Amino acid sequence: MKFSYNISTALFACTLVMLSCQQEESLLIDENHDSMIRLELDVTSADYTGTRATNNAYKTTFADGDAVGVFAVRNGQIVENINNRKFIYNEGVWDVEGEVIEYKGTEFRRMQFYAYYPYQEEIAIDPTAEEPFDAIIKGWKIDADLSGANYTRNDLMTSEGEAEGQRLQGKVKFVMQHRMGLVVIAMPRLVYTFTNLGIADYTLPVTIGGLSITANGETSSDVKPYHDTATDTYMILVKPDVEFTIAGTYTGAKEMEYTAAGTLARGASRKYSIKDETTITHTLAIGDYYCASGKIVSKDAPEVPEDCIGIVCYAGNPQPSVTHPDLHTETNDALRRDYPDCNHGLVIALNNSIVDGIERNKFANGKSFFGTWFMTDEEWQDKFVKNVWQFDKGEKNPGFLGYNGTALMEMSFKSGATEGCNNGWAYTEHYRATVPVGPAASEWYIPCVYDMDEVTKSINTINPQLKLAGGQELESNDGSSVGGIFYWTSNERNNERVWTHKINGGSEHGMRERGSLSGYFRMMLAF
């Protein structure tokens, strides 16, 4: 918050304090003449209560490039060189644009200061009015698109302050108050109740659909609200003291409509919760379509959903400590630890991962473990299951551990140990970036041998569904992996070899760094 206005080595210090719907966010500044004035936001939270509630989740914070305008008034006149002066936020400090301002304690203590956000070049205040910003507030235009950073750019805030301090040190404290009204919409949840014995209900957030606002006889269509991901609520700014009606749609178990109406004072907020108790009763089955939204569509549906990203390949809780409680615990079950609600099933991706146009590749550039580092790490040694298995020597498949192996690979790669897994992680990371998953799913990961064995059991159901959804069928290979078709898994055999899977041809270990062993990378997720 740099104000360097030191014509006479003195400072004019401006402390900005923001209110989130009537709640003060305190900033205490005490700076000397050669220091930068620093901005510190302390955003306290509270639930919405009544019509003048504070926002518990949305934190009003400044981002680099944001700007406020500052006025100074003395004897009913705007001070010439402090007339809508622009201060720009950059890396925690505020810089005045243009000519610096010399702080003169005696003169400044006779002035009244006014600030507003966001800055606009043509704004003018009425220095003689009791509320100098009144005309600005009444004439403020709210854009239809309030998504992302657009929200704060439409969130008019103003404040009044007075200079404090002596001749060589001074500050102006602004308590920024919201001047628009805030409508918060809480959408219902979509609940799947499975008829399968032992599978828990599956809950998804409902995304807001079309939205319009009518106020003063005018309707603004295609309104895009701000989505607060912390509370999964949608926020809309409205003109204060003006009656409004919001009409919207959403798709839960079916297409639904709702309306919300009211009037809000300046800086007030109101939360509207949409109650929709409708559930979807569904028998989860291998072959069902899994969508990017998280929705599940029956394999027998007449049409494939447009946002299908995979096919259900296992119905039931896949967490290793649940499927194999004699072998694994809640502590070392990485899937259960990271995604405790992913206890309904597994999904095989529609397509292979392709990086830089290459679909089949070796697993890594070198011979090195990626899944053993945790065994000697004090923090992580009891948080994972071992990833090196000699199935060819009688060791048994230990459960659905594809996420376990991929998590070990990711942590190894990000710690700098990349030699034994560079391609494996590159193909995983690329698929995660290009095929987003739903809000109730794990990230994509490379399956383990046990995972692919489970897929193979139902390959005659899964492959036709992959084809119907426009994906790639899984290919079988009854011969050798060398020069043949196979899929890499996330299981290792030793520092040289990684386990591969040939679907009907079963598993086989192959050299991870050999160009002659180029396999596919097909991802999986849990939900």
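As a convention, each chain's residues are numbered from 1 in the sequence order in which they are written. Local features in this predicted model are restricted to residues whose pLDDT is 70 or higher, and side-chain atom pairs enter the listing and the counts only when it is 80 or higher, whereas totals over whole chains, interfaces and linings include all residues. With hydrogens and water set aside, each side-chain value is computed from the structure's full complement of heavy atoms.

Caption draft 1: Representation of the layout of surface pockets. Cavities and pockets were defined on a 1 Å grid built from protein atoms only: a cavity is a group of points that admits a 1.4 Å probe but offers it no way out, a pocket is an open group of points flanked by protein on both sides within 12 Å along at least five of seven lines, and a lining residue is one with an atom within 4 Å of any such point. Grid points are joined across faces, edges and corners, and a volume is the space filled by probe spheres set on the points. For the largest pocket, the calculated volume is near 460 Å³. For the largest pocket, the lining is made up of 21 residues, of which Ile-142, Ala-215, Glu-218, Ser-220 and Lys-239 are closest to its centre. Sorting the residues of the lining of the largest pocket by element identifies helix 2 (134–139), strand 14 (208–215), strand 15 (218–220) and strand 17 (233–238) as the ones contributing at least two each. Only runs of H or I of at least four residues qualify as helices and only runs of E of at least two qualify as strands under DSSP, and these elements are numbered from the N terminus.

Caption draft 2: Examining the pairing of strand 5 (residues 85–90) more closely. Think of it in three bands: residues with accessible area under 20% of the maximum for their type are buried, residues over 50% are exposed, and the middle band is partly exposed, with areas taken using a 1.4 Å probe on protein chains only. Only one face of strand 5 is buried, namely the one carrying Arg-85, Phe-87 and Tyr-89, since none of Lys-86, Ile-88 and Asn-90 on the opposite face is buried. At least two bridges found by DSSP between two strands is the condition for calling them paired. In this sheet, strand 5 lies alongside strand 3 (residues 67–74) in antiparallel orientation, the contact comprising four bridges. Within the sheet, the bridge partner assigned to Val-70 lies in strand 5 and is Arg-85. Looking at chain direction, strand 5 and strand 6 (residues 93–96) are connected through four bridges and run antiparallel. Looking across to strand 6, one finds that Ile-88 is bridged to Asp-95. In this antiparallel pair of consecutive strands, strand 5 and strand 6, the connection spans two residues, and Glu-91 shows a positive phi of 50°.

Caption draft 3: Spotlight on the sheet that holds strand 24 (residues 308–315). Judged by pairing direction, the sheet is antiparallel, and its five strands sit side by side in the order 23-22-24-25-29 without closing on themselves. The open sheet is flanked by strand 23 (296–297) and strand 29 (522–526), the only strands paired with a single partner. In this sheet, strand 24 lies alongside strand 22 (residues 289–291) in antiparallel orientation, the contact comprising three bridges. Bridge pairing in strand 24 places Tyr-289 opposite Ile-311. Set on the sheet, helix 8 (residues 449–457) makes contact with strand 24, strand 25 (345–352) and strand 29; between it and strand 24 the angle comes to about 90°. Pairs of residues are marked as contacts when any of their non-hydrogen atoms sit within 4.5 Å. Note on geometry: axes are C-alpha line fits, over the in-contact stretch for helices, and angles between N-to-C directions span 0 to 180 degrees.

Caption draft 4: Quick look at the packing of aromatic side chains. Only centres within 6.5 Å qualify two rings of Phe, Tyr or Trp (six-membered ring in Trp) as a pair; their planes then separate them into stacked at under 30 degrees, edge-to-face at over 60, and tilted for everything else. Evaluated as defined, the whole model comprises 29 aromatic pairs. Ring plane angle 35° and centroid distance 6.0 Å describe the contact between Phe-363 and Phe-521, whose orientation is recorded as tilted. Taken together, the positions of Phe-363 in the loop between strand 25 and helix 6 (402–414) and Phe-521 in the loop between strand 28 (507–511) and strand 29 put the pair 158 residues apart, joining distant regions of the chain. The two residues Phe-363 and Phe-521 agree in class, both being buried. Clustering of aromatic rings is evident, with ring pairs tying together Phe-363, Phe-370, Tyr-427, Phe-486, Trp-488 and Phe-521. Remark: a charge is flagged as sitting over a ring if the NZ atom of Lys or the CZ atom of Arg is within 6 Å of the ring centre and within 35 degrees of the ring normal. The aromatic ring of Phe-384 is capped on one face by Arg-337, whose charged end is 5.1 Å from the ring centroid.

Caption draft 5: Molecular detail of the environment of Phe-108. Relative to the helices and strands, Phe-108 resides in helix 1 (residues 105–108). Exposure remark for Phe-108: the relative accessible area of 4% places this residue in the buried category. The sequence separation of Phe-108 and Glu-162 amounts to 54 residues, and the corresponding C-alpha distance is 8.1 Å.

Caption draft 6: Here's a closer look at the pattern of salt bridges. Between Lys or Arg on one side and Asp or Glu on the other, a salt bridge is scored when a side-chain nitrogen of the former is within 4 Å of a carboxyl oxygen of the latter. Applying the stated rule across the entire model yields 18 salt bridges. As a salt-bridge pair, Arg-493 and Asp-392 come within 2.9 Å of each other at their nearest N and O atoms. You can see Arg-493 sitting in the loop between strand 26 (487–492) and strand 27 (497–501) and its partner Asp-392 sitting in the loop between strand 25 and helix 6, a full 101 residues away along the chain. The shortest N-O distance in the salt bridge between Glu-454 and Lys-457 comes to 3.2 Å. Taken together, the residues span about one helical turn, with Glu-454 and Lys-457 both in helix 8 at a distance of three residues. Overall, Lys-457 belongs to the exposed group, its relative accessible area being 64%. Members of the salt-bridge network, linked through shared partners, are Glu-410, Lys-414, Arg-432 and Glu-443.

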